[in-house]
Amino acid sequence: MAGSGKAHMRPSADTILSVEDLTVEFKAAGGSSVKAVSGISFDLVRGETLAVVGESGCGKSTLGKAILRLIPTSGGSVRFDDRDLLAMPENELRQMRPAMQMIFQDPVSSLDPRFSVARLVEEPLAIWERGTPEERSKRVDELLEAVGLDAQIVRERKPYEFSGGQCQRISIARSLALEPLLLICDEPVSALDVSIQAQILNLLQDMKERYGLTLVFISHDLAVVKAVSTRIMVMYLGKVCEVAGPDTLYTSPRHHYTHALVGSVPLPDPSAPRARAAIQGEPPSPVDPPSGCRFRTRCPAATDKCAAEEPQLAEVAPGHFVACHHPR
Amino acid sequence: MNSILSIKNLEVGFDTPRGLLQAVRGVDVEVPGASSMGIVGESGSGKTVMCRAAMGLLRGSNVRRSGSVVFDGDEIGSLDSADVRQYFGTGMAMIFQDPMTALNPVRRIGSQLAESLVIRLGMNKKDARARAAELLGLVRIPDPEATLRKFPGQLSGGMRQRVVIATAIACKPKLLFADEPTTALDVTVQAQILELLSDLRRDLDMAMMLVTHDLGVVANHTDYVTVLYAGLVVEQAPTRKLFASMKMPYTEALLKSIPRLDQPSGGRMPMIGGRLPDPTNPEPGCPFAPRCPYVQDRCRKEVPPLTVAPDGHAYRCFYPIGGNA
Ligand SMILES: Nc1ncnc2c1ncn2[C@@H]1O[C@H](COP(=O)(O)OP(=O)(O)OP(=O)(O)O)[C@@H](O)[C@H]1O
Ligand SMILES: Nc1ncnc2c1ncn2[C@@H]1O[C@H](COP(=O)(O)OP(=O)(O)O)[C@@H](O)[C@H]1O
Ligand code: SF4
Ligand code: SF4
Ligand SMILES: [Mg+2]
Ligand SMILES: [Mg+2]
C-alpha cells in the first residue's frame, strides 16, 4: 500500500484523466522486483499541461506508458474520459487508442526509416480508415504545414534526410493525425540542441491551442517545462514529491529534492556565484528503496522520522502539495 | 600568452557527392595553458570536426584539411593520425558525448582501465590495478573496488562518464578535449560531472576544450569562449567579457533561446527560427543573415570580417550589438 497521498486530486466535470495508486512492477535479476512506479496518483483537467519531472530512472517513462496501457500494470486505476482503461477489454481499449497518443525522446529512431514522410503521417489515418486516400493526402499536407514543414518539399523524403528537430516535427504531425484528446510527450526535446528545443516547445504550445489538446510533458529538466506547463509534478524513485504551478515551484520549492533540482539548472551568467552541484551521489537502487521517505539518503534535512514514516502529500499553500516531514 | 594549443587558419572540408562540404572555414583558437575554452554553437556548426581535426583524428580519403595546429610547442597540424597518436599518451586526452562508445561493453571496467594504463604508461599489471582504483576514487566513484568488477552496462550514464574521465586523466594530460560530455545526461548528473571536470582541471593544472551547445554550461565552466557558426568563428572573448557585452547577434539569439527557470510561464519561448545554411552551398554574405533580426542589405552581399576590438573581443558582424568598440 502506502501511496504518497491524494490531497492534490481535483475531481471535477472537466477531469479528463484520473490516475489512482498506480503501480508498475518489473521483474529484476535474481527473482526480486522493481516498483518503477509505486502508488502514484494525479489527475489532469482538460486543456492543461502537466509536466512530470525527475531524475533518470525515477519512473517517468514507465508512468507514461502505463497510463496508456502500453505496458502491464500491477495495481491502481486509470480513468480516461470517465472510463476505466485498465479494466477495459482489449477491443474496447483499441477504440480508445486514437484519443491518446505518445511521442518519444529519440525522434530519429521512432520513425521507420523505410517510409516516406507522407506515408508516416498518413499511416494512422490509413489504419483507422479515416477518409478517402485523397482526403487523407490533403490532411497529411495540413498536418505537415501545421508543424512548420513545407509539405511539397518534404512529402516524399525519408526520415534520415532530416535533422533531429525536423524528425520531432514529423513525429508530432503523426501523433496529431487522429486528433487525440491527450498527448503524452516523453522527453520530446532532450535529444535536441538548445536552439531547436525552443522551436519544438513553441510548436507544442501552438498545437495545444489549435487542436485543444491536454498534454503530459515528461522531462528531467525543470527549466524546459517551466514555460509550457500549467502544473508540475516532481517524482523521485517511483513516488510523487511535490505538485505545484510552475512559478510556485521555481520561487518556493518546499521539498528538498525539488530544491536540489532547481539548483541543478546552469544559469547562463558567469558572474552569478556558482553553487556546488546541488545534489550528490546517485539515486538508490529501486530494487531496495529506502524506508520512509525515499529521498532521505541524499536529503540534508533527514531525521529519524524520515526513515520511519512515509510522508504523505499535504497542501502547504493553495494548489501547492508536498510530501515531506520537514518542508523547507 | 603561453598557449597549450594554438589553432591557426584551420580549414576542413569533405568531398561529398553534392560537392565540397565546408565544415570548418578558417578557424583560429588559442587555448592558454591550464585554462578552459568553451566551443559553442548549434548542431552542425563544426565543433566536433574542428576538435577532431585539431587532434589529428579525422581520416578518410574525402577529408580536405589545411592550417596549423601547435600543441605544447610542437606543430602537429600536418602530422597524420598515427604520428599525432604519440601525443595522446603524454599530453592530450578526450572524452565524448556518449561514454559507451569509449568503453568495451563485454569487458569489466577494471580490466579495461588497467589495460590502458599498462599500454599507455607501461605500468605492470598489479600497479595498474591499484592505480585504476585510485583513479575511480579521483572521479568520485563511491566504491571503486566494486565498480572495477562491473561491466559498463551495469553502470548509469553518469557513472560511465566518470569511468571515461578516469581513463582520460590517467596520463595527467595537459589538455582535455571534452565534446558534449554531458549532453546525454540528466541535469542533476550534468551538474556533478561539470563540477568534477572543473575540480580536476584545477587539481591537475589541465587545460580543457569544452564543446557544448549550451551557453549556460559555458557561463559556469569556462574562462574563454569561441562561438562557431557555419564553420566560422563568429565571436571570441573571455567568458565574462562575452556575457557582459555580447557583440554578435547570433550569440545573443543563442542565449535568449535557453530555457530558463526565471522566464515567465505560460508564454512562448524566444527562439531562433530557421536553421544553419547548407554547408555544401554557402550563400554569399553573412551566414547568419537569413535568421538575423538586425540584418541589412550589406549583410547579404559580403561576409563580415572578424573584427578584433582593442580589448581582444572578436566578432564577425557589420552591425554589432552596442556598436563597434
Ligand atoms: N522493461 C523493464 N524491465 C525492468 N526494469 C525496467 C524496465 N523498464 C524500466 N525499468 C526500470 O524502472 C525504473 C524506471 O524506469 P523509467 O524508464 O520509467 O525511468 P525514467 O524516469 O523514464 O528515466 P529516463 O530519464 O532515464 O528516461 C528504472 O529503474 C528502470 O531501470
Ligand atoms: N565524415 C564526414 N563526412 C562528411 N561530412 C561531415 C563528416 N563529419 C561531419 N560532417 C559535416 O560537417 C559539418 C559539421 O559537423 P560537426 O562538426 O559534427 O558539427 P557539431 O559538432 O558542431 O554538431 C556538418 O554539416 C556535418 O554534417
Ligand atoms: S521527508 Fe525527510 S528525508 Fe524526505 S525530503 Fe522531507 S526532510 Fe528530507
Ligand atoms: S553581419 Fe548583418 S546579418 Fe550578420 S550578424 Fe551582423 S547584423 Fe546580422
Ligand atoms: Mg524515460
Ligand atoms: Mg558534435
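Residues numbered from 1 in each chain as written. Chains lettered and ligands numbered in written order. Predicted model: local features only at pLDDT ≥ 70, side-chain atom pairs only at ≥ 80, totals over all residues. Heavy atoms only, no water.

**A closer look at the overall build of chain B**
Broken down by element type, chain B carries 11 helices and 12 strands. Here the C-alpha radius of gyration of chain B, 21 Å, is about what a compact globule of 325 residues would show, namely 20 Å. Across its three principal axes, chain B shows a C-alpha extent of roughly 70 × 50 × 40 Å. Expressed as a percentage of its 325 residues, the buried residues of chain B come to 55%. Of the contacts formed within chain B by residues at least 6 apart in sequence, a portion of 63% connects residues at least 24 apart. Within the structure as shown, chain B displays about 13700 Å² of accessible surface, and the carbon and sulfur contribution to it stands at 52%. Both charge centroids of chain B, one from 37 positive and one from 33 negative side chains, sit 4 Å from each other. (Helix = DSSP H or I, 4+ residues; strand = E, 2+ residues; numbered from the N terminus. Rg over C-alpha atoms; globule rule 2.2 N^0.38 Å. Buried < 20%, exposed > 50% of the residue type's maximum accessible area, 1.4 Å probe, protein only. Contact = heavy atoms within 4.5 Å. Areas by Shrake-Rupley, 256 points an atom, 1.4 Å probe, with all protein chains shown as cover. Lys, Arg positive; Asp, Glu negative; His and termini not counted. Charge placed at Lys NZ, Arg CZ, Asp CG, Glu CD.)

**Considerations on the packing of helix 6 (residues 164-176) of chain A against helix 7 (residues 194-211) of chain A**
Residue and element names in this part refer to chain A. With their axes 10 Å apart at the nearest point, helix 6 and helix 7 run at an angle of 15 degrees to one another. Judged on the interaxial angle alone, helix 7 and helix 6 are roughly parallel. Crossing of helix 6 over helix 7 shows right-handed handedness. Residue-level inspection shows G165, Q168, R169, I172 and L176 of helix 6 in contact with helix 7, the latter providing I196, Q199, I200, L203, L204, M207 and Y211. (Axes fitted to C-alpha atoms, helices over the stretch in contact; angles between N-to-C directions. Parallel < 35°, antiparallel > 145°, perpendicular 65-115°, else oblique. Left-handed = near helix turned anticlockwise from the far one by under 90°.)

**Section: the site of ligand 2**
Residues and elements named next belong to chain B. If you check the shell around ligand 2, you find F14, L21, A23, E42, S43, G44, S45, G46, K47, T48, V49 and P279 and nothing else. Compared with its free state, where it exposes 570 Å², ligand 2 has 65% of that area covered by protein. Where the shell around ligand 2 is concerned, the elements lending two or more residues are strand 2 (19-32) and helix 1 (47-54). When residues of the shell around ligand 2 are assigned to their parent elements, the largest contribution, 3 residues, is made by helix 1. (Near = heavy atom within 4 Å.)

**Quick word on the domain arrangement of chain B**
Residue and element names in this part refer to chain B. As far as domains go, chain B holds domain 1 (3-91 + 174-259 + 268-315) and domain 2 (104-170). The gap between the C-alpha centroids of domain 1 and domain 2 is 30 Å. Both sides together, the interface formed by domain 1 and domain 2 hides about 1000 Å², and carbon and sulfur atoms give 70% of it. If you sort the residues of domain 1 by the area they bury against domain 2, I193, L196 and L200 come out on top, with a joint share of 41%. The tally of links from domain 1 across to domain 2 stands at 1 salt bridge. Note that R140 is salt-bridged to D199, the shortest N-O span being 2.5 Å. There are 3 residue pairs in polar contact (both at pLDDT 80 or more) connecting domain 1 and domain 2. Among the elements that take part in the side of domain 1 that touches domain 2, helix 8 (residues 187-204) stands out by supplying 9 residues, more than any other. Split into classes, the residues belonging to the side of domain 1 that touches domain 2 amount to 11 nonpolar, 1 polar and 2 charged. (Domains from an automatic or database assignment. Buried area = accessible area lost by both parts, 1.4 Å probe. Salt bridge = Lys/Arg side-chain N within 4 Å of Asp/Glu carboxyl O. Polar contact = N/O pair within 3.5 Å; in protein donor to acceptor, adjacent residues only side chain to side chain. Nonpolar A, V, L, I, M, F, W, Y, C, P; charged D, E, K, R; others polar.)

**Considerations on the packing of aromatic side chains**
All chains considered together, the criterion is met by 7 aromatic pairs over all chains. Taken together, a centroid distance of 4.5 Å and an interplanar angle of 55 degrees make the contact between B:Y229 and B:Y250 tilted. You can see B:Y229 sitting in strand 9 (residues 224-229) and its partner B:Y250 sitting in helix 11 (residues 249-256), a full 21 residues away along the chain. Aromatic side chains B:Y229 and B:F288 sit 5.4 Å apart centroid to centroid with 80 degrees between the ring planes, which places their arrangement in the edge-to-face category. On the criterion of sequence distance, the pair formed by B:Y229 in strand 9 and B:F288 in the loop between helix 11 and strand 11 (307-308) is long-range, its members being 59 residues apart. Comparing B:Y229 with B:F288 shows no difference in burial state: the two are buried. Counting every residue linked through ring pairs, the aromatic cluster contains A:Y236, A:Y257 and A:F295. Above the plane of the ring of A:F115 lies A:R119, whose end atom (NZ or CZ) is 3.7 Å from the centre. (Phe/Tyr/Trp six-rings, centres within 6.5 Å; stacked < 30°, edge-to-face > 60°. Lys NZ or Arg CZ within 6 Å of the ring centre and 35° of its normal.)

**Details of the side chain of B:T226**
Residues and elements named next belong to chain B. With respect to the element layout, T226 can be found in strand 9. Given the relative accessible area of 0%, T226 is considered buried. At 2.8 Å, the side chain of T226 forms a polar contact with the side chain of Q236. Beyond its immediate stretch of four places on either side in the chain, T226 contacts V29, M37, G38, I39, V40, V233, E235 and Q236.

**Observations regarding the sheet that holds strand 4 (residues 75-80) of chain A**
All names here are of chain A. A sheet is described by the order of its strands in space; here 4 strands give the open sequence 2-1-4-5, paired in antiparallel fashion. Of all strands in the sheet, those bounded by a partner on one side alone are strand 2 (33-45) and strand 5 (83-84). One ladder, built from 5 bridges, connects strand 1 (residues 15-27) with strand 4; its direction is antiparallel. Counted as the bridge partner of E20 is S77 from strand 4. Against the sheet, helix 1 (residues 60-67) touches strand 1, strand 2 and strand 4, its axis set at about 120 degrees to strand 1. (Pairing = 2+ DSSP bridges.)

**Description of helix 7 (residues 157-169) of chain B**
Since the α-helix advances by 3.6 residues per turn, residues separated by three or four positions end up pointing in the same direction. All names here are of chain B. Taking 1.5 Å as the rise per residue, helix 7 with 13 residues should run 18 Å; its terminal C-alpha atoms sit 19 Å apart, in good agreement. Among the 13 residues in helix 7, 11 count as buried, and that is most of the element. Here helix 7 has its buried residues at G158, M159, R160, Q161, R162, V163, V164, I165, A166, A168 and I169. Residues of helix 7 that are buried sit in contact with strand 6 (92-95), helix 4 (109-121), helix 5 (125-138), strand 7 (175-179) and helix 8. (Expected span 1.5 Å × (residues − 1).)

**Focus: the interface of chain A and chain B**
With 43 residues of chain A at the interface, the matching set in chain B holds 48 residues. The interface formed by chain A and chain B includes 1 salt bridge. As a salt-bridge pair, B:R268 and A:D206 come within 2.5 Å of each other at their nearest N and O atoms. At the boundary of chain A and chain B, one finds 14 residue pairs in polar contact (both at pLDDT 80 or more). Residue assignment for the side of chain A that touches chain B shows that the elements contributing at least two residues are helix 7, helix 8 (222-226), helix 9 (246-251) and helix 10 (256-264) of chain A. A per-element tally of the side of chain A that touches chain B places helix 7 of chain A first, with 9 residues. For the side of chain A that touches chain B, the per-class residue count stands at 20 nonpolar, 12 polar and 11 charged.

**Things to note about unusual backbone geometry**
Residues other than glycine seldom take positive phi values, yet A:D82 does so here, at roughly 65 degrees. Mapping A:D82 onto the fold places it in the loop between strand 4 and strand 5. Accessibility expressed as a relative area gives 61% for A:D82, which makes it exposed. Of note, B:N9 is a non-glycine position whose phi angle comes to about 50 degrees, a positive value.

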